[in-house]
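The primary structure of each chain is shown beneath.
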Amino acid sequence: MGIDLGTANTLVYVSGKGIVLQEPSVVAMDQDEKVPLAVGEDAKRMLGRTPGNVVALRPLRDGVIADFDTAELMLKHFIARVHEGRTLVSPRIVIGIPSGVTGVERRAVMDAASQAGARDVYLIDEPVAAAIGAGLPVAEPTGNMIIDIGGGTTEVAVLSLQGTVLSESVRVAGDELSESISQYMKKVHNLVIGERTSEEIKITIGSAYPVDDDSMMEVRGLHLLSGLPRTVTVKAPEIRESMSEPLAVIVDAVKRTLERTPPELAADIIDRGIMLAGGGALLKGIDTLISHETGIVVHVAADPLSCVVLGTGRVLENFKQLERVFSGRSRNF
């Protein structure tokens, strides 16, 4: 079983079946009883809409486990759902994690998976998994560059011969882009909006580079001065402007990685281009922005959201050939 344990979404791949589960990484907990009421899509619908005794939590922040117990509950729930409730299954699990995490954070992911019922736990760096999932020839002695923009982290890596030559992980990604939109709405329009609304604005009219600047959107929220609900019309250029800071951080990480790349591999990257994966790759114009800033062709993966989980699945199915890609493992006897 391959798992992409993401800040925004968790995807599960089962050998021979493909991707069997794709759900938001959200758990709704009853505070009084300390029991989960909903996990995944049902819990996401509750974000910002719960009564006092119910809390909708996101157990992962910036690509790492922020709430261990809730993450374990969520993993247990997803593993049980994939196995249709059969309890005696103890799968071998490959989990994609950000390359910049510390040893303690790696241990937390392994422990959560072990507690959730895994027999063997293997960890793989997300950029390596994303590159394998996007179909890049990572086993060959050529330079491949991948940018994986997730919910909590952006991973930039140069890969060759099943290994990471260089990698940089910045904790600025989809969540920060949404956050910058809600800050902008508060500052410029005096409108307080929730997490879900800012994400909706980003998906609907958000762009990283001037593309379709005529689009507008009506946004509903609470007016700061009157304290009453209001509707405001926002235009695409102002939303692009509001996201410029986090986008600049991502572009700088790409440039820094390119500056440190050995010349032979840099030549390969110029020939082949840069691959974009992760949910952030779906932001309109982000490929054009990176291409404009670096002067290198940028391709968006065919299914950017599923690249990491498809990579973990391919590793499982070609376990012997790709064994060298793992960055850590634990065994439970």
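Within any chain, residue numbers begin from 1 and follow the written order of that chain's sequence. Side-chain atom pairs in this predicted model are given and counted only at pLDDT of 80 or more, local residue features only at pLDDT of at least 70, and totals for whole chains, interfaces and linings cover all residues. Side-chain measures here rest on the full set of heavy atoms in the structure, leaving out hydrogens and waters.

Caption draft 1: Looking closely at the pairing of strand E16 (residues 229–235). As defined by bridge partners, strand E15 (residues 216–223) adjoins E16 across 7 bridges and the pair is classed as antiparallel. Bridging across to E16, Met217 finds its partner in Val234. Between E15 and E16, which pair antiparallel one after the other, the connecting turn spans 5 residues, and Gly227 there sits at a positive phi close to 75 degrees. The rule for pairing is simple: two strands pair if DSSP sees at least two bridges between them. Comment: elements are numbered from the N terminus, with helices defined as DSSP H or I runs of at least four residues and strands as E runs of at least two.

Caption draft 2: Broad picture of unusual backbone geometry. Unusually for a residue other than glycine, Leu161 sits at a positive phi of about 50 degrees. Relative to the assigned elements, Leu161 resides in the loop between strand E12 (154–160) and strand E13 (163–170). Non-glycine residue Gln162 carries a positive phi angle of around 60 degrees. As for its placement among the helices and strands, Gln162 is situated in the loop between E12 and E13.

Caption draft 3: Focus on the sheet that holds strand E5 (residues 35–39). Judged by pairing direction, the sheet is antiparallel, and its 3 strands sit side by side in the order E5-E4-E6 without closing on themselves. Bordering the open sheet on either side are E5 and strand E6 (54–57), each of which pairs with just one other strand. For this sheet, the mean angle separating the axes of adjacent strands, direction not counted, is 25 degrees. Bridge count between strand E4 (residues 27–30) and E6: 4 bridges; the pairing is antiparallel. Directly across from Met29, in E6, lies its bridge partner Val55. The convention used is that axes are lines fitted to C-alpha atoms, helices contributing only their stretch in contact, and that angles between N-to-C directions extend from 0 to 180 degrees.

Caption draft 4: Representation of the layout of surface pockets. A cavity, in this analysis, means grid points on a 1 Å lattice covering only the protein atoms where a 1.4 Å probe fits yet has no way out; a pocket is instead an open set bounded by protein on both sides within 12 Å along at least five of seven lines, and a residue lines either one if it has an atom within 4 Å of a point. Grid points are joined across faces, edges and corners, and a volume is the space filled by probe spheres set on the points. For the largest pocket, the calculated volume is near 1000 Å³. Going through the elements one at a time, strand E2 (9–14), helix H5 (174–189), helix H6 (195–205) and helix H11 (307–317) are the ones with two or more residues in the lining of the largest pocket. Residues of the lining of the largest pocket, tallied by class, amount to 14 nonpolar, 17 polar and 15 charged. Put simply, the second largest pocket is a space of about 370 Å³. In this structure, the second largest pocket is lined by 13 residues; those nearest its centre are Arg49, Gly194, Glu195, Arg196 and Thr197. For the lining of the second largest pocket, the secondary structure elements donating two or more residues are H6 and E15. Partitioning the lining of the second largest pocket into residue classes produces 4 nonpolar, 3 polar and 6 charged. Only Asp, Glu, Lys and Arg are considered charged in this grouping, and only Ala, Val, Leu, Ile, Met, Phe, Trp, Tyr, Cys and Pro are considered nonpolar; every other residue, Gly among them, is considered polar.

Caption draft 5: Broad picture of helix H10 (residues 286–294). All of the buried residues along H10 are Ile286, Leu289 and Ile290. Buried residues in H10, looked at end-on, bunch into an arc of 90 degrees, giving them a common side. Following H10 by one or two positions, Gly295 adopts a phi angle in the positive range, close to 75 degrees. When a residue's accessible area, from a 1.4 Å probe over protein chains only, is under 20% of the maximum for its type it is buried; when over 50% it is exposed; and in between it is partly exposed. What the arc measures is the spread of directions leading from the helix axis to the C-beta atoms.

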